[in-house]
Structure formats: C-alpha cells, structure tokens
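Examination of the molecular architecture
If you want the building blocks of each chain, they are given just below.
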Amino acid sequence: MYEGFIPLTELNEGLPSLLHRFPAAVSQSLVAACMPYIGELLKNDKSDPIRLPSLFPREEDVDWFLEIAAHGLTLPLEGTNNMVSDCSNLLCEWLPFQSEKPSVPMPIRLYPKRYFPKILWCLHNIFMPRDSEVLSVSQIVLCHRVLRTIEQLNYSQFTVETWETLLKFLLSATSKVLRQTVERDPGGISIASRVAGSLYRVWLNACYHCFPSPLLWSTQRHLATTWRHHMALVQYWKWYTFVLTRELIKRTTRAFEVAIEIPPEMEQEMNIQVIGDLSDDILVQTWFRILHSIGNVADLRKPWLVGSSAAFHRDMDDERQELVSISFVRDVAPIFHVAMKTIGQLVDEWLILSRRFSAFGYKLYLRTPSGVEEKPVAPGFLILSSETGLSPVNPVVTPCDSVLNLFGQWLFEACSTDTSQESRLVFSRSMGSLTTMSTIASPEQRTFIEQVMRRFFVQGRASAMGTLCKIFASHTNKADISREYLNRFYLLLEEGLSVERYLSAEDGTTEEVHREVLETIICHGSELFCADLDGFVYLVPRLIDAIQVVFSDMKEQRQSGNVDLRREAIRLLLTIVCVPLQFHSVKINENATFLFLRKSIFDLILDGIQAETDFENLLMLLGGLYTMIEDHALLETYLEQNPTPANEQLAESLKSTFQTVSKMASNAIHVVSSVLIYKCQENHVLSMGALEFLFGMAKINRKFADPQDVRRIINWLCRFISTSIQLPAKNHSRDLHSVIVLGYNCLLTWLAEYPDQLRVETVLNEVTTVVELGISGSKSESRSNEPSVYKGSKELKPASQRVRECAELTLAFIMQYLGAFPSISGPDTLDSLLSEDVIKQYSEGDGKFRYFVLDHCCLLGLLEQPLGNLEEPSPVAVLIYRGPFGKHSYVLQLKHLKSQTNLRKSISTPRSERSPLSVGRSVRPGTVRHFPRTAENVRIQEIDDRIPTLEGLMSRRNEMDEFKMISQAIESETELTRRSLQQMAVVSEFEKAIPPSAKQEFQAARILFTNLEFFSVHALFKKEKPALTALNSSSVEFQRQLALLDSISSRMCCTVYLFYAKEKQTSASDVIGNAAKIKSLNPHFADFVRGLGWSVDPKTHNGWAGVVPSADEKDCSQFKVFYWSDVMTEIAFVLPLSSTPLKQATPPAVMNSDSTPSLLSVLKVVVIWLQDYEPTPLVLPEELESTFRGGAESTSFDLKVIFVRPLSSGLYHVFGATNLGPPSYKSLLFLPLVSGMVVSKRAVPAVVRQAVMNINRRRRIDNEKYQLPHIRKKSKIQEMENQFQLELNPAQFAVSLFA
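Cut-offs and rules
Residues numbered from 1 in each chain as written. Predicted model: local features only at pLDDT ≥ 70, side-chain atom pairs only at ≥ 80, totals over all residues. Heavy atoms only, no water. Helix = DSSP H or I, 4+ residues; strand = E, 2+ residues; numbered from the N terminus. Buried < 20%, exposed > 50% of the residue type's maximum accessible area, 1.4 Å probe, protein only. Contact = heavy atoms within 4.5 Å. Areas by Shrake-Rupley, 256 points an atom, 1.4 Å probe, with all protein chains shown as cover. Phe/Tyr/Trp six-rings, centres within 6.5 Å; stacked < 30°, edge-to-face > 60°. Lys NZ or Arg CZ within 6 Å of the ring centre and 35° of its normal. Expected span 1.5 Å × (residues − 1). Patch = residues over 30% accessible without salt bridge, like charges linked within 9 Å, V, L, I, M, F, W, Y side chains within 5 Å. Salt bridge = Lys/Arg side-chain N within 4 Å of Asp/Glu carboxyl O. Disulfide = S-S within 2.5 Å. Pairing = 2+ DSSP bridges. Axes fitted to C-alpha atoms, helices over the stretch in contact; angles between N-to-C directions. pLDDT = per-residue confidence, 0-100. Core = buried A, V, L, I, M, F, W, Y, C linked by side-chain atoms within 4.5 Å.

A look at the overall build of the protein chain
On a plain count of helices and strands, the protein chain comes out with 47 helices and 18 strands. The 1299 residues of the protein chain split such that 52% are buried. Summarising the internal contacts of the protein chain: among those between residues at least 6 apart in sequence, 74% fall at separations of at least 24. Within the structure as shown, the protein chain displays about 61200 Å² of accessible surface, and the carbon and sulfur contribution to it stands at 52%.

Some thoughts on the packing of aromatic side chains
The description of an aromatic ring pair uses the distance of the two centres, along with the angle that the planes make with each other. Throughout the structure, instances matching the rule amount to 41 aromatic pairs. Each ring, one from F704 and one from W750, has its centre 5.7 Å from the other, and the planes form 45°; the classification is tilted. Of this pair, F704 sits in the loop between α29 (684–698) and α30 (707–725) while W750 sits in helix α31 (residues 734–753), and the two are 46 residues apart along the sequence. As far as the burial class goes, F704 and W750 line up, both buried. Positioned above the aromatic ring of F695 is the side chain of R1257, whose terminal nitrogen or guanidinium carbon lies 3.8 Å from the ring centre.

A short note on the environment of Q1278
By the secondary structure assignment, Q1278 is in helix α46 (residues 1269–1284). Among the residues examined, Q1278 registers a relative accessible area of 30% and is labelled partly exposed. The spacing of Q1278 and H856 is 422 residues in sequence and 5.8 Å in space, taken between C-alpha atoms.

A look at helix α33 (residues 801–816)
Helix length check: α33 (16 residues) gives 22 Å between terminal C-alpha atoms against 22 Å at 1.5 Å per residue, within 8%. Listed as buried for α33 are V803, E805, C806, A807, L809, T810, A812, F813 and I814. Looking at the buried residues of α33, the elements they touch are α30, α31, α32 (761–776) and α46.

Thoughts on a nonpolar patch on the surface
A surface patch of nonpolar side chains, about 310 Å² in accessible area, is lined by M106, L110 and Y111. Checked against the element boundaries, M106 lands in helix α5 (residues 106–110). A relative accessible area of 43% means that M106 is categorised as partly exposed.

Things to note about unusual backbone geometry
Most peptide bonds take the trans form, and the phi angle of most residues other than glycine is negative. Following F821, the chain continues to P822 via a peptide bond in cis, the omega torsion being -5°. Of note, P822 is situated in the loop between α33 and α34 (836–840). Even without being a glycine, D532 presents a positive backbone phi close to 60°. Along the chain, the position of D532 falls in the loop between α21 (508–524) and α22 (540–555).

Description of the environment of Y890
If you trace the backbone, Y890 turns up in strand β6 (residues 886–893). Taking the C-alpha atoms as reference, Y890 lies 8.2 Å from A877; in sequence the two are 13 residues apart. Those residues within four positions of Y890 in sequence are excluded, and the remaining contacts are A877, V878, L879 and Y881.

Points about the state of the cysteines
A disulfide bridge is the covalent bond that connects two cysteines by way of their sulfur atoms. Taken as a whole and judged by the stated rule, the model has zero disulfides. Here C857 stays unpaired: no disulfide links it, and the sulfur of C858, its closest cysteine neighbor, is 3.7 Å away. Relative accessible area serves as the criterion here: at 19%, C857 is assigned to the buried category.

What about the sheet that holds strand β3 (residues 850–854)?
What the five strands build is an open sheet, ordered β6-β5-β4-β3-β7; its pairing is antiparallel. Each edge of the open sheet carries a strand with a single partner, namely β6 and β7 (1028–1030). This sheet shows a mean twist of 25° between the axes of neighbouring strands, independent of strand direction. The strands that helix α37 (residues 1004–1011) touches are β3, β4 (858–863), β5 (876–883), β6 and β7; relative to β4, the one it contacts most, it runs at about 140°.

Looking at the pattern of salt bridges
Applying the stated criterion across every chain yields a total of 40 salt bridges. The partner of D831 in a salt bridge is K1273, and the shortest N-O contact between them spans 3.7 Å. Remark: K1273 occurs in helix α46 and D831 occurs in the loop between α33 and α34; sequence separation between them is 442 residues. The residues D831 and K1273 share a single accessibility class, namely buried. Residue D1087 is joined to K1241 by a salt bridge in which the shortest nitrogen-to-oxygen separation is 3.2 Å. You can see D1087 sitting in helix α41 (residues 1083–1092) and its partner K1241 sitting in the loop between β18 (1237–1239) and α45 (1244–1262), a full 154 residues away along the chain. Judged by its relative accessible area of 32%, D1087 falls in the partly exposed class. Residue classification places K1241 among the partly exposed residues on the basis of a relative accessible area of 34%. A single salt-bridge network, built from bridges that share partners, covers E59, D63, R114 and K118.

What to know about α46
Here α46 contains 16 residues, and its C-alpha end-to-end distance of 22 Å stays within 8% of the 22 Å for a straight helix at 1.5 Å per residue. Buried within α46 are the following residues: P1269, H1270, I1271, R1272, K1273, K1276, I1277, M1280, E1281 and F1284.

Some thoughts on the confidence of the model for the protein chain
For the protein chain, per-residue confidence averages 76 on the pLDDT scale, and 72% of positions sit at 70 or higher. Within the protein chain, the element-level pLDDT minimum falls on helix α43 (residues 1157–1160), averaging 34, and the maximum on β18, averaging 93. Throughout residues 1109–1114 the model reports pLDDT below 50, and contacts reaching past four residues in sequence, or to other chains, amount to 11 contacts. Within the model, pLDDT remains below 50 along residues 1141–1163, and this stretch shows 63 contacts once partners closer than five positions in the same chain are excluded.

A closer look at the nonpolar core
Core analysis: the biggest nonpolar cluster contains 299 residues, and L166, F407, F472 and W750 have the highest contact counts within it. If one sorts the elements of this core by residue count, helix α15 (residues 318–358) sits on top with 12 residues. Once residues lying within four places of it in the same chain are set aside, the contact partners of F472 are C400, L404, F412, I481, Y485, L486, F489, L528, A531 and L533. F1119, Y1123, A1132 and A1217 belong to the second largest nonpolar core, which has 21 residues in total.

A word on the side chain of K238
Relative to the helices and strands, K238 resides in helix α11 (residues 231–253). Judged by relative accessible area, K238 falls into the buried class, the value being 15%. The contact partners of K238, leaving out residues within four places of it in the chain, are V338, T342 and Q345.

Some remarks on the environment of L574
In this structure, L574 sits in helix α23 (residues 563–574). Spatially, the C-alpha atom of L574 lies 8.4 Å from that of G623, the residues being 49 residues apart in sequence. Excluding anything up to four places from it in sequence, L574 contacts M620, G624, V1234, M1237 and V1238.

Here is the structure:
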C-alpha cells in the first residue's frame, strides 16, 4: 500500500546535549546547581511571573538552558527525581502553541515554530529507558504530564513541518514505551494505554488539519508491528476503527442505524468530535489507513513474528529471553482474539451496508482523497462523495467478494492457525529465528509449544472462522463469488468439521480445540446452505457428523446449559432435512448415496426431541420432523401415481434404505406423545407446539397403515385433555384453557381424517367422555355409594366457557359432519345451498315464509305451501333450519301409512270402482270398526296420551250432566240400530260407499310444531310461554339481517395474500402488478400457487373467498382466488393483479366472515415469492403494508409475512417477518415452518398452508374477543329475535298458527 517508509533509525532519538561530552559528575553537578533555583522560580510563578523569563532575554540564553534541561531529563531518577521533575515541568510550560503564559521567555514567544521541535525533542528524553526495563512510577508520572500537555496544544496554528515533527516525536516516544515486553504491573499498563491513546488522538487531529504523508503512515504501520504485543494498542486500534466505521456508514446510508456501540466513557476519552468535521475523502482514507495501522492482524497468531524485532529483545540476556518465551505467547493469544473479534464486528456492519446498497445497484468502492497520489486501495468499494454523491464503480465485484478483498487475507490466514505445517514451527529462545519442534531439547518446552498452537490461539481462530461463515452466508444466488475464495473456505470448513480428529483426541487439549472451532462453525454457519454456494451440498455429511457431536453431548448431559449452540445446530439441521431426497442420486462414496443420510437425520431429530430441554429448540425439531415426513409422503405418492421405470427404481431404493412414511410417522408420533406428555405439563407453549405437530401429522399425504396407531393418538389426546381439565383449580389459567381448546381441535381433526375409528366402541367411549368432561366439567361415572345422574340432569361446571364452547363444537361436528365431508354440495360449504329464493320458484302459492326462533338459538323458516311436485295431497311444510352449527333444508310431509306402492294404490282407488257385492248376500250383524283388527295388538305408547279424552276435558258439574245425557242417547240409538238389523233378513243391494274428497289445505305449522312438541294444547291452557317466538319477517331489514346470518361460515376462515417480488422492486404497485403476467414469471411460482389450493371464481364460489368486490365493482378479473378447505377450516389464497380490489374490498363482515370486523382487519397473512434475495424481503415497503392495513389502527395491526425464495439447488428457502420489524431468520416460529429452513418443492405448499392455519388458530385462541362460529351464529339469532319478535301472548300465538 505504501511505496516507501522511514526506518526507525531516521527518527530523532532526542536532542543531544553538550553536557553529554563531559564526565557524568561534572554535567550532573551543573544541572544540580541550576535546576533547584529554576524550579523554585517556577513554583513562585504566580507571585512573580516576570522573574523567570527575565533570566532568558536572548535566544542564546534559551538555547544554553535547553542544553542543561535536555541533559537533566536523561539523569537517573534515583536521587535526582526533583531535578528531572523540574526540567520536565519547565519544558512543558515553555512548549509553544499553548495559551499565553507569563513564564515563557520572549524568544520562545517570538519564534514558536523554531523552538517547538527543540523543546519537544528535549522532552523525548523522558521516555528514554533507564537502567531498568521497567518504568518507575516517577517516570510514568512525567510521561503522563508530557502527553497531557501535547494533547492540549492549539493545533490550528500548526504548519506541515510542525505536524510532521509532532507525529515523529509521538512515534519515537511510543516506540520507546511499547517496544518492551508486556508489563503486568498497573503502572506499565497505565503508561502503555496512555501513550497508545495519545498517539491515536493526535494522529486523528493531524488527519483533520494536515493529512499525514504516506511516508508517515508507512512509518507508523512499520513501528506498530513491533508494538502489537500490547493489548492497549490493539484496544485503541479497535475503538478508533469502530468510530471511523460508524461515521462512514452514517454518511453513506444517511439516517441508517449502526449496530456499533461505543461506551460513553470511551467516546469521551477518545475526543471523537473531530471525526465529524472530516471531509468525505479524508474520512475514507483515514478509516482505511487506521484499519491497517497495525499491519496484518493475522500475524498475531505467530509469536515468532510478533516478537522477532531486534528492538524487542535488545539488551535482554538469555535468562530473560527464556522467561519471555514462556509468558509472551499467553499475552499475545488474547490480543489475537480481540483483533479477530474486531474484524468480525466490522464485517457485520459492511455486510449490512452492502446488502442495503445492492438494492439500488451500487457497490462499495474506496476512492483516493484529493491531494494524495495513490492508487485505490480497495477496488470494488463505494464511498459517499460530497461532489458526485453515490456512484456505482466496478460493478463486477460482488458485495461478498468486496468484503473478502478487504478482510479475506487476514481471515484466511487466521483460520489456518492449527495447520500441520505451522504447528511444527516455533520460535527459538532468541525470539527471532524459526525452528522446528524436533530441535527443542526440553520436553517441557515442547509440551508448552504444543499447547500454545492448540489451545491459546484457538479462540482467535474460531472467531475468524465464524466471520468467514457470516461472509459466505451473505452470498446471494444472483452474485458470483471467486472460486479461489470458495475453495479456500471449503478446505477450512472441512478441517474445522473434522469429527474424526475431534473423536480421536487422546487428551483433552485436542478435543477442546476442535470443539471450539466446530461449535463456531455451527453457530455462524446455520445459513450457509441458504446462500446457494456451489458445491456446498458435498459438505452435508460433515455437517451431519458435527451436529451429531453436539446432540451426543446433549444426550449425555455434558453441556446441557449451552442452549444457543444446540439451537444453531438444530437450525442448521433444518436446512438439510430435504437434501437426501433432493439429491438422492448423488454419491457420498462408492457404496452410498445421499439416500442413506435419511436415517441419520431422522434419528438425530428423534434423539433431539427426547434429550432436549429447551422448549424453543423442541418446537424447531418438531417443525423439521413434520417437514421431513411430509416430504417423504408426497414423494411416495408421486412415485405411485407415476409408475415409470425410473420411479419404480427410486421407490425400491426408498424402501431398501429406510422406513416407509407410515412407519416414520408412527415412530415420530410415538416419541412425541411419550416424551412431550411429560414435558408439556408446565410449558403451555410447548404443549401448543406438540398439538400443532399432531395437527399436521393428521393431514400428511399418506394415511396410517395400522389403525392401532391412530387409536393410540386419539387415546393420547383424550388423556391429555382429561388430565389438563382435571388439574387443581390453582393450576388453571388462560393459557391452560387455550391448550385445552387446541387439544379439542386437534382431536376433531384426527376424527375427521379417520372417521371409521368412531365405530370402535372403546374409541367412541373415550371421545364422548372427554366431550362430556369439557361441557359439564365432570364425567358420568356411576359409583356404588352415589345414585346415577343422567347427563340431562347434571349440573354444568365446565373449566371455562371457552372450553365448554369448544367441546360443544366438537360434539356437533362429530354428529353432523364426520364421515360426511365433503357433502354433495362440495367442499366449499357445510351448509345447505337451498335458500328461500330458490324454494319460492317451486311453490304453488306466494312462497311467503314464516319465521320462528326456537329456544333462543335456532331460526326456523317455514313455508306451508306445497311445492307442486308432490303426488299426494297431504300436509306439507318446507323447513329451513338455521342453527349454531349450520343451515339445513327439509321438506316435511305428514303421512299415517308407509309410502309403499301398494298402499298408495289401495288408498287412492275410489271404493265405487271396486267389485260390487253380490245381490242377495246375507249380512251378519257385527260391531262397526273404525280401525283394523291389528290396531288392537299395538302397544299403547306415551304419545297416545297426548290427545286428551273427553272425560279429561270436563271439569264442571253441568258439563258432566250433559255428557251423561249424550251417553244415554247414544246407547239408545245403538240399541235401536241393533234391533233394526236383526229384523232385516236379506238385503237386496248394498249401496256403494263414496269416500270424501282429499283435503287440499292444511294447518301444516300447527301439525308440525305439535308433533315436534314445540306447541301443545296442554301448555296453552296452562298459559305457559311456548318455546317458539314468532318473528316479523315483512321488513327489508329482516332480509338483510338474514343474509348476514347466512354469511357467517360454520368453519374458521383464513385469508392469505400472495405476491411475486422481482429483483430490486420497492414499489407496491410493481409488486402487486407482477401477477398479471404470471406466464412470464418463474414457472415454479405457478406450481406453488396451485399446490396451495384450487382455483375458484369468487362470483360463483359458495365458500370463503377472502375478498370480494365492492357493491359498485362486480369485475373479479383484477384478482384470483385459490381455495382450500377441510371440515374445520377454510383458506382463501388471494393473488391480486392490481391494488384496486384490495383497497375497494367490502368489509369481510358482510360476507362469510369468521370474525368481527375489528378482529379480521388485523388478521393478515402474506406470502411473498422472491425472485431475488435483495432487497424487498429486508423491509416490507410501507405502501404495500398500508394496503393490508385497511382500517386497522397501527397499534393493533398485525401482519405476518412468509417469504419463499427458490434456490439454484431446486430447494426453497423459507423465512418469516412481521410488520413490527425486518425479517428474522432465527426467532420466528410458524410451526411447522421454522424461519430460515429449507424445504423441497414438493413440500413447500403443504408446509406454508399448515403454517397459515396454525398462525390463524393461534391468533384466535390468544384473542379474548374471538368467538367460535357457532357462538357468533347463536348471538346473531338472539339479536334478530330481540329486534323482530312479535309481541304475542300464548293465545294469540296459537291463533296465528291456525291462521
């Protein structure tokens, strides 16, 4: 970087004094004679300020006295401390460019530029070492005084020559102090810190006032390489590099937040105000040169280079050199670690900056400041120029390569600390020459050197390795990276992940060294597979072995407290769970392919679930387990549906290398149910995660082969719910009840997928028992000492209202929909599609419905007119039932006989058409029968008593008398008839019986409600209020409210918005408009959308459509809807073609909303397909965010974003974000989706869809205002009852039924 430099010998070693030529006794006596008097005058300066400068009126006088003072500062401190102190104080007072002081002689005031170098180099003698290498306390105090005086000078009066003199003085003085070995006493540490800090502070001021020449920069760098064994120097280098980097980033990115934090006390000490005054060019050059001011920081790992300078071991005897060789390395190793951590922090900031600028097509480039003739020192980097601003330069270099060009040499060298060649190289006792371990005779020294190379420098090496992992993990699929860098990185990774070396260590040293490097790679390399690096897949076997080491330690409880390490290992594992199937034909060795890795990954996940104690890690493992099983299930299904020779061969390989999907799922659920049932009792978050995992397993593409597996799962769910409800009251909480509600939903999902299980008596008994427990709070268990209580008579004491409502929903779905989904209406709806408008078209009358509310929860719409398609005239009623659990339509017809053909024929044929009786046939008198003989054998039922007898209706005496008179008249008439028949011997001809004509009008409502016991005469006479409430349905408002009731879906509804973000798109209109040309987009995006659901037309769709046009806009061509549903959930995936439909959409509450408007407006889930990694996913554009916000307040708006990014390997990188901040690759859990995981093309639609359902399910459970669909329907019916009920007493209500 520098063409030349000034050797150390060219720097002035101090001002030589004439007194050095005289004998020591003579020169010292002269100083002793003069300095006490001068010192006394200096102390009395305030009382007589003119006396001291009056002694030196001429220049010759000042020059003569400087000779004495310069020699006095070289005297030994023992016995002459006061004289040396007086000389130092006087010269500090006389030093030019300070505030006006009366004690300064006139020549110095008149010619400050002339005397400044002289006095400065006189003061240099204070820093000269005395007989002892250790600085005494007195000398340290004097050095502090000199440095403090220099920092208080008025730099604005300096010329170029003055600055050069001052910087050379500081370089020489610093070299005198820091070239010595590391001092462990407080005084040595103090002076080392002070001199290093002063050098950087003054040097920074020089950059502002007069930028140092390249020769000075090169001199500083050359000398600093001999000072790097002092921690103080590296610390100040670290902080000043941070300060300059922070300022550079702030100027480059304007108001961008910088993560670099500097302690306030350090900022105050560094006096960093001058940095803000630096010009842009000077700031960049200062930053870059300060960064390189201590040379190659990777050399700190080589003690033989750090301590190889002649100045370092000059004047040391052999005994001291041996002591230094033992302690020196222990001091340098932590310095090397600090330097590597500093580089790592700088890399973090530059990676963020590079990613931000790549969004606008800029690259980082370092320009040479004006006035400095030098080539660009960091090609490929961009700076902020005050003249031209941001301008792209050298666009071929990628951000990853740019950072490697700047820091790569140091990092690669630092990572090779423990290579086989360098571990054999050590430094000899002379601290200057290299030798090999075989030449060292002392076993003790040989052991020490081995420990140095293996242990002391491993922290710095691990830090450098972690920084390299972060750099390569930031690589994007659109940027090419240098093959040279990539090859070196892979070699270092392979060495760091060498589990064989780790496991074969005989002593703890090697094990500890390799463990630290291995752990660092895992911690910082969890996203390497997402970076789309060419050839990285071949390192997957090594990664699996490394993860296995971490998991084995967890299993053996060797490092149970290192939760973060295990979390990163799990995150790395989740990026490779789909790799074996994706690269099934790639060979690991001659005998195995990647398919053999399936067993290792599956066993790792199961072992982790059993041994892990941290709930977040457990949830991540559950997400990876579901993804792996789902991927295998989808592949098996595809191979079966496409029986080609290649697919048959792959299917055979799958079976031969590992278990089938059914067996994998069975083993997984067995582990989850047996282990988590003990871990979930106290952790409700973990309980929800386990239940969400079971949700997904119920819907995997392959069904369980053994029904016993399903029964065990149902049994586990029932026991889990029962145990949770029966916990003591003190353990009940809102979170526990949320878990119970989720448990009921999970149980219902399994029953919906496997309805045949309810045919098993034990399963049916378990399910009904746990439902009863949720509704009533207790089980119907008959005990010997207690009478049996029927379910209808039980006192309801549920755990909470939410638990009861969810248990009721479970029971209702079991009774109505299990085994009957999808219905003949399709999966779009669970309700009947018949409405009043359709039925009126077939009615013979006006088609007017009458509406009643039954028991305040059911709305009955009744039409008493025949539909015209009935063959028999009989009482007919069309009933539309709207209840909490759905809408159903019935056509009811009253009949006394079965609807058989022969019976209908015999009844409908007139008696006159039958064969006439023979004339003259004898007729035997008998009893007239109104019913056939078989009626006498029918057992009297309870319903027969519903029709009251005549005797039962008489209560007064006169009524009884009248009844007796009528009875006597009947008996008399009967007797007369009998006698008349006896007198008739033969009847000439029996007259034909003509049946009465069929009745065409009926009171169907009265008959229906009476038969259903909704209305009775008995209740009417008792003046009891009937269970029915008549409604006034004549108003238009009633029809509108009825439409709102029908719009409430019986299932939970979700809305997901889909977007395609192209490279470098920041406008919401551009992102939304991409889908209008879906054929020009990535073809895999269309496959992904079709995998989420099937396409529907919102205008004719009967289910939840997510969004609908406004009343004025009927054109649905501006968006597409993809629909998916099961027995419990509906999901609408909305693909907008423009922003208009979203902004003009009717509030969802008017349509099939599953929630109140205020809640639905904050339930937003967005899936964004990324064409490129940059920059749209980093910060969601505010314009796009406002599109989703709608009318929701910013405080309550909750937006969940799932990003899907295709990788060149054919896999997909999936991660999440919220509206509250940028995307998170490490903290968001949308089970089974874990942010940052890598999923196959087959499984990504299923994983995203399941994650969407779990997100919405969690939101509803956590929201206190949310109501289940049947509760909302019930509330709506009660609202309509209160608004439209007719005020009728029982008598008036009865009359209305007969009308």
